[in-house]
Every structure is written in structure tokens, then in C-alpha cells.
Amino acid sequence: TQDELVQAERLAAIGEMAAALAHGIRNPVAGIRLFAELARDDLEDRPQIASTMTDIIAESDRLEKRVRSMLDIARPLEVKVRADDLAAFLAGLVDEFRTRAPGRTAVDLVVDDGAGARLANVLFDARALGECIETVVVNAFEALEGKGRVSFRTSLDGFADGRPAALVTIADDGPGMDEATSRRVFELFFTTKRSGTGVGLAMTKRLIERQGGTIDVETASGRGTTFRIRLPLADDVRA
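Just so you know, these numbers come straight off a predicted model, no measurement behind them.

## Description of the overall build of the protein
Stage number 1. Looking only at helices and strands, one finds 8 helices and 7 strands in the protein.
Stage number 2. In terms of overall dimensions, the protein has a C-alpha envelope of 60 × 45 × 35 Å along the principal axes.
Stage number 3. Here the protein holds 239 residues, and the buried ones make up 35% of them.
Stage number 4. For the protein, the proportion of contacts with a sequence separation of at least 24, taken over those separated by at least 6, is 71%.
Stage number 5. If you sum the accessible surface of the protein, you get close to 13700 Å²; carbon and sulfur atoms cover 51% of it.
Stage number 6. In the protein, the 32 positive side-chain charges and the 39 negative ones have mean positions that sit 2 Å from each other.

## A word on the environment of Glu64
Stage number 1. In this fold, Glu64 is placed in helix H2 (residues 47-74).
Stage number 2. Placed 37 residues apart in sequence, Glu64 and Asn27 show a C-alpha to C-alpha distance of 9.9 Å.
Stage number 3. At 3.0 Å, the side chain of Glu64 and the side chain of Arg26 are in polar contact.

## Side note on the pairing of strand E7 (residues 225-232)
Stage number 1. For E7, the buried fraction is high: 7 of the 8 residues fall into the buried class.
Stage number 2. Here 8 bridges tie strand E5 (residues 164-172) to E7, and the two strands are oriented antiparallel to one another. If you follow Ala166 over to E7, its bridge partner there is Leu231.
Stage number 3. Where strand E6 (residues 214-219) lies against E7, 6 bridges are found, and the strand directions are antiparallel. Considered in E7, the bridge of Val217 is made with Phe227.
Stage number 4. In this structure, the hairpin formed by E6 and E7 is closed by a connection of 5 residues, where Gly222 is found at a positive phi of approximately 80°.

## Considering unusual backbone geometry
Generally, phi is negative for residues other than glycine and the peptide bonds are trans, each holding for most cases.
Stage number 1. Although it is not a glycine, Glu145 adopts a positive phi angle of roughly 55°.
Stage number 2. Tracing the sequence through the fold places Glu145 in the loop between helix H5 (126-144) and strand E4 (147-158).
Stage number 3. Its relative accessible area of 68% is what places Glu145 among the exposed residues.

## Some words on the packing of H5 against helix H7 (residues 200-210)
Stage number 1. In the contact formed by H5 and H7, the axes pass within 9 Å of each other and the chain directions differ by 150°. Note that H5 runs across H7; the crossing there is left-handed. When H5 is examined against H7, the residues Ala128, Leu129, Glu131, Cys132, Thr135, Val136 and Asn139 are found in contact with a partner set consisting of Gly200, Leu201, Thr204, Leu207 and Ile208.

## Considerations on H5
Stage number 1. The end-to-end C-alpha separation of H5 is 26 Å, in line with the 27 Å expected for 19 residues at 1.5 Å each.
Stage number 2. Between the side-chain oxygen at the start of H5 and the backbone nitrogen of Arg127 there is a gap of 2.9 Å, and the oxygen is on Asp125.

## Some details on the pattern of salt bridges
Stage number 1. Evaluated as defined, the whole model comprises 19 salt bridges.
Stage number 2. Among the salt bridges present, the one from Glu64 reaches Arg26, with a minimum N-O distance of 3.0 Å. Residue Glu64 is located in helix H2, and its partner Arg26 is located in helix H1 (residues 2-41); the two are separated by 38 residues in the primary sequence.
Stage number 3. Residue classification places Glu64 among the partly exposed residues on the basis of a relative accessible area of 22%.
Stage number 4. Linking Glu187 and Arg184 is a salt bridge whose minimum nitrogen-to-oxygen distance equals 2.8 Å.
Stage number 5. Its relative accessible area of 36% is what places Glu187 among the partly exposed residues.
Stage number 6. On the basis of relative accessible area, Arg184 is assigned to the partly exposed category, the value being 37%.
Stage number 7. Here the residues in one salt-bridge network are Asp157, Asp216, Glu218, Arg228 and Arg230, joined through shared partners.

## Things to note about the side chain of Thr154
Stage number 1. Within the secondary structure, Thr154 is located in strand E4.
Stage number 2. In this structure Thr154 touches Leu90, Val110, Val111, Asp112, Leu119, Leu167 and Val168, once residues within four positions along its chain are discounted.

## Observations regarding the confidence of the model for the protein
Stage number 1. Here the protein averages 86 in pLDDT, while 92% of its residues score no lower than 70.
Stage number 2. When pLDDT is averaged over each element of the protein, E7 comes out on top at 96 and helix H8 (residues 234-238) at the bottom at 71.

Conventions adopted
- Residues numbered from 1 in each chain as written.
- Predicted model: local features only at pLDDT ≥ 70, side-chain atom pairs only at ≥ 80, totals over all residues.
- Heavy atoms only, no water.
- Helix = DSSP H or I, 4+ residues; strand = E, 2+ residues; numbered from the N terminus.
- Buried < 20%, exposed > 50% of the residue type's maximum accessible area, 1.4 Å probe, protein only.
- Contact = heavy atoms within 4.5 Å.
- Areas by Shrake-Rupley, 256 points an atom, 1.4 Å probe, with all protein chains shown as cover.
- Lys, Arg positive; Asp, Glu negative; His and termini not counted.
- Charge placed at Lys NZ, Arg CZ, Asp CG, Glu CD.
- Polar contact = N/O pair within 3.5 Å; in protein donor to acceptor, adjacent residues only side chain to side chain.
- Pairing = 2+ DSSP bridges.
- Axes fitted to C-alpha atoms, helices over the stretch in contact; angles between N-to-C directions.
- Left-handed = near helix turned anticlockwise from the far one by under 90°.
- Expected span 1.5 Å × (residues − 1).
- Salt bridge = Lys/Arg side-chain N within 4 Å of Asp/Glu carboxyl O.
- pLDDT = per-residue confidence, 0-100.

This is the structure in C-alpha cells:
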């Protein structure tokens, strides 16, 4: 209980800081983006400078996303779960990741044929789950540095209390993490990347739990990393 109170106070302080930060940054960033767009439109005959304007717009969007992430930490997370086809949803995401995979990175998907009917009736929020998987996959792409494999698998499994669950496994054959890092991987503001914020996986854990699911990680130095996301089955919840 004491730990929860400390965390609540910490989040409240972060919320106040994030609101002030957002107010001070968002308006200037919007102005920078607007002027860069106007300048790009006037520079069609000067492609090199127009390309620089495009880079400014992209960096403005990235900064806006960072500010929004800070606000999301502090505010209550809203998810709207509904029964949906998890296998079909994941297949669409994997197709998108294949087009974005850097270098010689391969992306594949395996669906447990015996679980097809039940995987078509899983409770999740498509937007929230998509954000969670995006965070995991982008981290995997960065770890692989343009060569390696990211593998997805959907199957049936169970929660720790014995309830049945749909399981999404995301594994890479990258460098993996040592034990000390893996213990803190979902900790807010913990990161091993120089440009990282330590927000992505902490938010991922919160979003998965808001959907009634769980997420865990298995990794070791030199042996890749595997994330497992478990989500409730709609027919089991109704029963």
C-alpha cells in the first residue's frame, strides 16, 4: 500500500509537470511545423531545401509525440475492449511491420491452427493493443540493427490463476538483455538508450493491464528477447 501511495504521488507530480511542459512546448512546436510547411510549399523548385523542411516537420511531429506521451502517463488510461479476431488483427499489423522492417530484418507470423475459433473471440482494444505491439516491435528493430528476425505467434495459453487466455508472443534474435535490465524493463523512466525516455514499455504494461491482460519478458544476454502478452477470451469472461 505504501508503494502504491508513493507511486500515486509521483504520478500526480509528473502530471502537473507534464501539463506545464505541454503548454509551454506545444504552441511553439505547432508554429514551427506550420512555417516549415509553408516554406516547403514555396520551395518546390529547390528540392534540397524542401527536403530539409520535411525533416523539420518530421522532427516537430516527433517532439509532439514525446509531449503527448508525458501527458498520457499522468492521465487515466481509457480503453474500450470488445470481442474481436485477434489473429486477423495481428496479421494486419505484421503486414505493416514487414514494409517498415529496416535493412535485412525479417518479420514472420505463426498462428496456432488449433486455436483459430477461440482466437477469433478475444477481448482487446485494437488501438491500445496496436500501440503496445508497436512499442515492442520498434524496440526489437532497434536492437537488431538491420539484420535478424522478429517472430510473432498467436496461440492459446492461460493466466497465472488458471483462466484461459489468448497469447501473443513477440520474439527477436537480437542481443537480448542482462538480468538487471530485464528486471527493470517495465519501470517508468528506466532506459538503456541514449535517446530513450523510459516511457514506452511502462505505458505498454499499463495499457495491457487495462485490457484485462498481462505482459512479461524472457531474455538473456546474447539469446534474444521474447515478450508474451496474454488477453482474456470473450466467451470465458461471459461464462
